[in-house]
Each structure stands twice: as C-alpha cells, then as structure tokens.
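# Structural characterization, general
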Amino acid sequence: MKLLHIKVSPDLAGSASRTASSYLVDKLKLRHPALVETVIDLSRDPLPHLDAFTIGAFFTPADSRTAEQCEAIAKSDHLVDQLLETDLLVIASPMWNLGLPSVLKAWFDHITRAGRTFAFTAEGSKIGLVNNKQVYCVVASGSVFAQGPFIQDDQFTPYIRTALAYIGIDDVKFIRVDGTHDPVSRQTALPHALQCIDHLFN
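Below, the structure is looked at part by part. (Residues numbered from 1 in each chain as written. Predicted model: local features only at pLDDT ≥ 70, side-chain atom pairs only at ≥ 80, totals over all residues. Heavy atoms only, no water.)

## Quick notes on the environment of Gly-124
- Locating Gly-124 in the fold gives a position in the loop between β4 (118-120) and β5 (126-128).
- According to the relative accessible area criterion, Gly-124 is partly exposed, its value standing at 49%.
- The spacing of Gly-124 and Arg-18 is 106 residues in sequence and 40 Å in space, taken between C-alpha atoms. (Helix = DSSP H or I, 4+ residues; strand = E, 2+ residues; numbered from the N terminus. Buried < 20%, exposed > 50% of the residue type's maximum accessible area, 1.4 Å probe, protein only.)

Okay, structure coming up:
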C-alpha cells in the first residue's frame, strides 16, 4: 500500500497538526506493515500558484502542447500521478483565517484537472476519476470550531470535503486539534486529538 502524507504547517518543530499526523501515520504503519510513505511538505517546498500560461496549457490537447507548456504543467502532472497511485492520503494542516493556507489550496489547484481527476459527461455533469482512496485530514485551529459559537465560521472542513468529492473521493475522516490558542482548551487540544486517533484504531 502507498501513503501520501501532505504537511502544511510552517512550524516545523511545534506544529500540532504535524505532531498529530505523525502519530496517525505511525498507527497506519502498524496496521499496514508494508505501507510506503511519500511526504509532500508544502512549507519546505511550496507549490507555485497557477498562472494564465499554466492554465492555458491544462486546456491545450496533450498532442498540441509546446515544450514550454509541457514544462509548465510537469509539476501538476507529477502531483496528479502521485495522487492516483496512492491508497491512503493524510493531509495535515492548520486552519488559517477560517480556511486553507494558500499552499494547500495550490495543491488542490494543481490536482483538480479536467480529464485527469474529473471529467464531464455527455449531459454536462461532472464525475470524479479518483476512486478507491481513503483520506485522513488532521486540522489544527486556534479556536474551537467543532462545537460552540464558531462552528459556522469553519470554511476549512467544508472545502476539503467538497474538493475531494469533486474528484471522486468521499471516504474522508477529520481529526481536529481544536482550540490550540483557546485558554480553556489549549492544554487538552492535542492530547484529545491523539486520543481520537487511538479510538480510530481500537
């Protein structure tokens, strides 16, 4: 089995999402001893945001692309290939300003490709082409969003769920490190998340 582990937080030493996802991956490796992990660290190696030339290359038929267009989409093609080849996907990210860090949004922009990860039917509807994948999403937030007065402000988890469903992935589990800066929950946020991971594997 293959595991693709996407890390987002720029806090390489103290990140709650990185800590929780590493704990999760260790559990997955115990369950699947032959699991092979590939890491995409978007903080250490951020992806370029899409520009007009790259988008134009996406929509140019493959046999008509220039050498420059092929070069422009090479990274995107590689990321799509990685996703299609993986069995398990772990996304570990903070929630920033209610939503996704831009480097994670850039990954979604690179892998959401007409003809490769989704397609149009003759009737004009869309179908996802990325099938039989399981996703664990570890999200760390300074405030508590799973319950309480801020629950409607969470733009992160709806985007992740919808964006993955768009390409055909609907087996998604969220693990929340909720309230890392909240004075009431900051001491218990990470231990509670690790406990939730334990419950997934009991």
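## Examining helix α4 (residues 102-111)
- Burial within α4 is extensive, with 7 of its 10 residues counted as buried.
- If you check which residues of α4 are buried, you get Val-103, Leu-104, Ala-106, Trp-107, Phe-108, His-110 and Ile-111.
- Here the buried face of α4 lies against β1 (2-7), β2 (36-41), α3 (67-85), β3 (88-94) and α5 (156-166). (Contact = heavy atoms within 4.5 Å.)

## A look at the pairing of strand β7 (residues 172-178)
- Burial analysis of β7 places 5 of its 7 residues in the buried class, the great majority of the element.
- In terms of strand pairing, strand β6 (residues 134-141) meets β7 through 7 bridges, oriented parallel. Note that in β7 the partner of Val-139 across the bridge is Arg-176. (Pairing = 2+ DSSP bridges.)

## Remarks on the pairing of β2
- Pairing analysis gives 6 bridges linking β1 to β2, with the strands arranged parallel. Bridging across to β2, Ile-6 finds its partner in Ile-40.

## Examining the nonpolar core
- Ranked by size, the top nonpolar core spans 31 residues in total, and within it Ile-6, Leu-42, Leu-104, Trp-107 and Phe-108 carry the most contacts.
- Breaking this core down by element, the ones donating at least two residues are β1, α3, β3, α4, β6 and α5.
- If one sorts the elements of this core by residue count, α4 sits on top with 6 residues.
- Each residue touching Leu-42, except ones within four places of it in the same chain, is listed here: Ile-6, Lys-7, Val-8, Leu-47, Val-103, Leu-104 and Trp-107.
- Membership of the second largest hydrophobic core comes to 19 residues, among which are Val-90, Tyr-136, Ala-193 and Ile-197. (Core = buried A, V, L, I, M, F, W, Y, C linked by side-chain atoms within 4.5 Å.)

## Regarding the environment of Phe-58
- Structurally, Phe-58 is set in helix α2 (residues 52-58).
- Classification of Phe-58 by relative accessible area gives buried; the value is 13%.
- The sequence separation of Phe-58 and Ala-72 amounts to 14 residues, and the corresponding C-alpha distance is 9.1 Å.
- Other than its neighbours up to four places away in sequence, Phe-58 contacts Leu-50, Arg-65, Ile-73, Ser-76 and Arg-113.

## Overview of α5
- Buried residues of α5: Phe-156, Thr-157, Ile-160, Ala-163 and Leu-164, and no others. All buried residues of α5 fall inside an arc of 140° around its axis, so they share one side.
- Where α5 is buried, its residues touch β3, α4, β6 and β7.
- Two residues or fewer past α5, Gly-168 is found with a positive phi of approximately 110°. (Arc of directions from axis to C-beta.)

## Brief notes about the packing of aromatic side chains
- Taken as a whole and judged by the stated rule, the model has 6 aromatic pairs.
- For the pair Trp-107 and Phe-108, a centre-to-centre distance of 5.0 Å together with 80° between the ring planes defines the contact as edge-to-face.
- Judged by relative accessible area, which is 0%, Trp-107 ranks as buried.
- With 5.0 Å between their ring centres and 65° between their planes, Phe-118 and Tyr-166 make a pair best called edge-to-face. Highlighted residues: Phe-118 in strand β4 and Tyr-166 in helix α5, separated in sequence by 48 residues.
- A relative accessible area of 8% means that Phe-118 is categorised as buried.
- One aromatic cluster in this structure is built from Trp-107, Phe-108 and Tyr-159. (Phe/Tyr/Trp six-rings, centres within 6.5 Å; stacked < 30°, edge-to-face > 60°.)

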